[in-house]
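Okay, here's what each chain looks like letter by letter:
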Amino acid sequence: MLDLEVVPERSLGNEQWEFTLGMPLAQAVAILQKHCRIIKNVQVLYSEQSPLSHDLILNLTQDGIKLLFDAFNQRLKVIEVYDLTKVKLKYCGVHFNSQAIAPTIEQIDQSFGATQPGVYNSAEQLFHLNFRGLSFSFQLDSWTETPKYEPNFAHGLASLQIPHGATVKRMYIYNGNSLQDTKAPLMPLSCFLGNVYAENVDVLRDGTGPSGLRLRLLTAGCGPGVLADAKMRVFERCVYFGDSCQDVLSTLGSPHKVFYKSEDKMKIHSPSPHKQVPSKCNDYFFNYFTLGVDILFDANTHKVKKFVLHTNYPGHYNFNIYHRCEFKIPLVIKRDSADSQTETCTTYSKWDSIQDLLGHPVEKPVVLHRSSSPNNTNPFGSTFCFGLQRMIFEVMQNNHIASVTLYGPTRPSSQLRTSDLPQ
């Protein structure tokens, strides 16, 4: 049984690990993977058809805990303990819930102090006792009558006619004063762990198509001196097609991983007659997982030839490898009766809306199957790749965009671009 410390409006954890409000989904999953022998039977709950309409939930069924992540920014929004019999809880080092201590309303009053009168929800038959950043729910279905207020005691728990021994059914940790109105806070400084995160990514374009990326980056840096307080730093960086490997390293720092392409499975779709000629050396990716961005370098020139932006939707094969890239892509809309207009495609745009703006692609989509080995099948199904304006949109079966691949301008003197899909 887990023995956890409750910190209202902040976290639930122990000396080894801590689930902190505002932490990214990937960090919570990393904690669960590291302590898989202690924390078992974890479920991932999400809406397959409408992933943005419901929170993304990690359900620790063995421990009676749910971690609710915001569907858009994928940061921890609410920590819910829905079965207090499966976990030990303490506040300021003193247990208020364990096998020997029942979490009665008297125990909550003793451990956390007085608060405002509770709220009774007749539809749920639950009585909610709220502190700042912390709520307790008591089940009232077995009570003979609903709680009443005594006018002579209007400022504390004594104002409620609640039977002695009523125990907590659920506990919630969240940010702010209201559980219903709470939002995932900004990422705490303790969650940066030396990484750089992208607040948003703007795709730059020239007259023909994408020309590069402008990234607004977040990091936790310290001022001069060992004891200086860490503060969040915000800065912008730009990378362009044709930038050298050294340029990217000096702009964005070292990647989390370098991946060398062993083969190009899209080579067959190249219109060039030299598609069967094997390459003497392999192109390579810089994988920036916390930015949600991959950068492909040409093996011969060592210059940027491709950007890949990942949306990290649940139900995709690469889910939770990358953090969500909050991108904005300007799309040029050509009208017959007027000049061209510019619309914006974002991480949350659906493929149908993009097609309505740009028109349906002439070519049929390329069906992309992903699997870890030739004998394994992808449990999430195939995705479809559409090429428009030097961009490849990878579309999931629920009509959301899984990734966007950006290509640089073609140069006559350049070598074969075998990974270009038909436009």
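As annotated in an unreviewed UniProt entry, the chain carries the name Phagophore assembly factor 1 and comes from Aquila chrysaetos chrysaetos. The heading Sequence similarities (unreviewed entry) in the UniProt record of the chain holds the text "Belongs to the PHAF1 family."

**Q** Requested: an account of the environment of Val-196, with residues and values cited.
**A** Mapped onto the elements, Val-196 comes out in the loop between strand S13 (168-173) and strand S14 (197-205). Residues Val-196 and Val-234, 38 residues apart in the sequence, show an inter-C-alpha distance of 9.9 Å. Aside from chain neighbours lying at most four places away, what touches Val-196 is Leu-217, Leu-218, Thr-219, Phe-235, Thr-290 and Leu-291.

**Q** How would you sum up the packing of aromatic side chains? Please name residues and give values.
**A** Applying the stated criterion across every chain yields a total of 20 aromatic pairs. Here Phe-192 and Tyr-197 contribute two aromatic rings whose centre-to-centre distance is 5.5 Å and whose plane-to-plane angle is 80 degrees, an arrangement assigned as edge-to-face. A centroid spacing of 5.6 Å and a plane angle of 40 degrees characterise the contact between Tyr-260 and Tyr-284, whose relative ring orientation is tilted. In this pair, Tyr-260 sits in strand S17 (residues 257-260) while Tyr-284 sits in strand S18 (residues 284-288), placing the two residues 24 residues apart along the sequence. Tyr-284 gets classed as buried once you look at its relative accessible area, which sits at 7%. Ring pairing ties together the aromatic residues Tyr-91, Phe-96, Phe-112, Phe-131 and Phe-136, which thus form one cluster.

**Q** I'd like a rundown of the sheet that holds strand S6 (residues 65-69), residues and numbers included.
**A** Read across the open sheet, the 8 strands follow the order S4-S5-S6-S7-S13-S12-S11-S10; overall the sheet is antiparallel. At either margin of the open sheet sits one strand with a lone partner, and together these are strand S4 (42-45) and strand S10 (119-121). Pairwise comparison of adjacent strand axes, ignoring direction, gives a mean angle of 20 degrees for this sheet. As paired strands, strand S11 (residues 126-131) and strand S12 (residues 134-139) are joined by 6 bridges and run antiparallel to one another.

Cut-offs and rules
- Within each chain, residues carry numbers counting from 1 in the order of the written sequence.
- Local features in this predicted model are restricted to residues of pLDDT 70 or higher, and side-chain atom pairs are both shown and tallied only at a pLDDT of 80 or more, whereas totals for entire chains, interfaces and linings draw on every residue.
- Excluding hydrogens and water, the side-chain values take into account all heavy atoms of the structure.
- UniProt positions are given in the numbering used here, feature names are shortened, and annotations may be inferred rather than shown by experiment.
- Secondary structure elements follow DSSP: runs of H or I no shorter than four residues count as helices, runs of E no shorter than two count as strands, and numbering proceeds from the N terminus.
- By definition in these notes, contact holds between two residues if any of their heavy atoms fall within 4.5 Å.
- Stacked, tilted and edge-to-face are the three classes applied to pairs of Phe, Tyr and Trp rings, where Trp contributes its six-membered ring and a pair requires centres within 6.5 Å; stacked means planes under 30 degrees apart, edge-to-face means over 60, and tilted covers the rest.
- Using a 1.4 Å probe on the protein chains alone, a residue whose accessible area is under 20% of its type maximum counts as buried, one over 50% counts as exposed, and one in between counts as partly exposed.
- Think of it this way: DSSP has to see at least two bridges between two strands before they count as a pair.
- Helix axes are fitted to C-alpha atoms over the stretch in contact, other axes to C-alpha atoms as well, and angles between N-to-C directions run from 0 to 180 degrees.

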